[in-house]
Amino acid sequence: MIARKIALLGSGAMGSRMGARLLDAGQTLTVWNRTPEKTQHLVAAGARTAATPAEAASGADTVIAMVRDDQASREVW
């Protein structure tokens, strides 16, 4: 498997599990969440944290947004 630089925007119930699987697979992961404390378990597992969605996406090969609803998606993008 080729390691990719992946940005994960949103680390709620689905995003946190997805992030953990990506890290387990050896991917380079940068995470962002509106509530920064919710990224700490992924950071402890090897992810890098970003202060903004744009910072997370900068240099990423793939950006995954796993946010709550349309309004949250509009705010992210």
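This report concerns the structure included in the present document. These figures come from a predicted structure and were not determined experimentally.

1. Some points on the sheet that holds strand β3 (residues 48–49)
Working step 1: Taken in spatial order, the four strands line up as β3-β2-β1-β4 in an open sheet, and their pairing is parallel. Looking at which strands have only one partner, the edges of the open sheet turn out to be β3 and β4 (62–65).
Working step 2: Where strand β2 (residues 28–32) and β3 come together, two bridges link them in parallel fashion. If you follow Val-31 over to β3, its bridge partner there is Thr-49.
Working step 3: The strands touched by helix α1 (residues 13–24) are β1 (5–9), β2 and β4; relative to β1, the strand with the most contacts, the crossing angle is about 165 degrees.

2. What to know about the environment of Asn-33
Working step 1: Within the fold, Asn-33 resides in the loop between β2 and α2 (40–44).
Working step 2: Its relative accessible area of 13% is what places Asn-33 among the buried residues.
Working step 3: Sequence separation between Asn-33 and Ala-56 is 23 residues, and the spatial gap between their C-alpha atoms is 9.9 Å.
Working step 4: Contacts of Asn-33, omitting those with residues within four sequence positions, involve Gly-10, Ser-11, Gly-12, Lys-38 and Thr-39.
Working step 5: For Asn-33, the side chain forms a polar contact with the main-chain nitrogen of Ser-11, separated by 2.8 Å.

3. Some words on the pairing of β2
Working step 1: Among the five residues that make up β2, four are buried, leaving the element largely enclosed by the rest of the structure.
Working step 2: Sheet analysis places β1 next to β2, joined by five bridges and oriented parallel. Residue pairing for β2: Ala-7 is matched across the bridge by Thr-30.
Working step 3: With respect to chirality, the unit in which β1 leads through α1 into the neighbouring parallel β2 is right-handed.

4. Points about the environment of Pro-36
Working step 1: By secondary structure assignment, the location of Pro-36 is in the loop between β2 and α2.
Working step 2: Judged by relative accessible area, Pro-36 falls into the partly exposed class, the value being 44%.
Working step 3: As a C-alpha pair, Pro-36 and Asp-70 span 34 residues in sequence and 20 Å in three-dimensional space.

5. Quick look at the nonpolar core
Working step 1: The biggest cluster of nonpolar side chains holds nine residues, and these are Ile-6, Leu-8, Leu-22, Leu-23, Leu-29, Val-31, Leu-42, Ala-47 and Ile-64.
Working step 2: Sorting the residues of this core by element identifies β1, α1 and β2 as the ones contributing at least two each.
Working step 3: Beyond its immediate stretch of four places on either side in the chain, Val-31 contacts Leu-8, Thr-39, Leu-42, Val-43, Ala-47, Arg-48, Thr-49 and Ala-50.
Working step 4: Listed in part, the six residues of the second largest apolar core include Leu-9, Ala-50, Ala-56 and Val-76.

So, how was this worked out
- Residues numbered from 1 in each chain as written.
- Predicted model: local features only at pLDDT ≥ 70, side-chain atom pairs only at ≥ 80, totals over all residues.
- Heavy atoms only, no water.
- Pairing = 2+ DSSP bridges.
- Helix = DSSP H or I, 4+ residues; strand = E, 2+ residues; numbered from the N terminus.
- Contact = heavy atoms within 4.5 Å.
- Axes fitted to C-alpha atoms, helices over the stretch in contact; angles between N-to-C directions.
- Buried < 20%, exposed > 50% of the residue type's maximum accessible area, 1.4 Å probe, protein only.
- Polar contact = N/O pair within 3.5 Å; in protein donor to acceptor, adjacent residues only side chain to side chain.
- Right-handed = clockwise from strand over helix to strand, strands pointing away.
- Core = buried A, V, L, I, M, F, W, Y, C linked by side-chain atoms within 4.5 Å.

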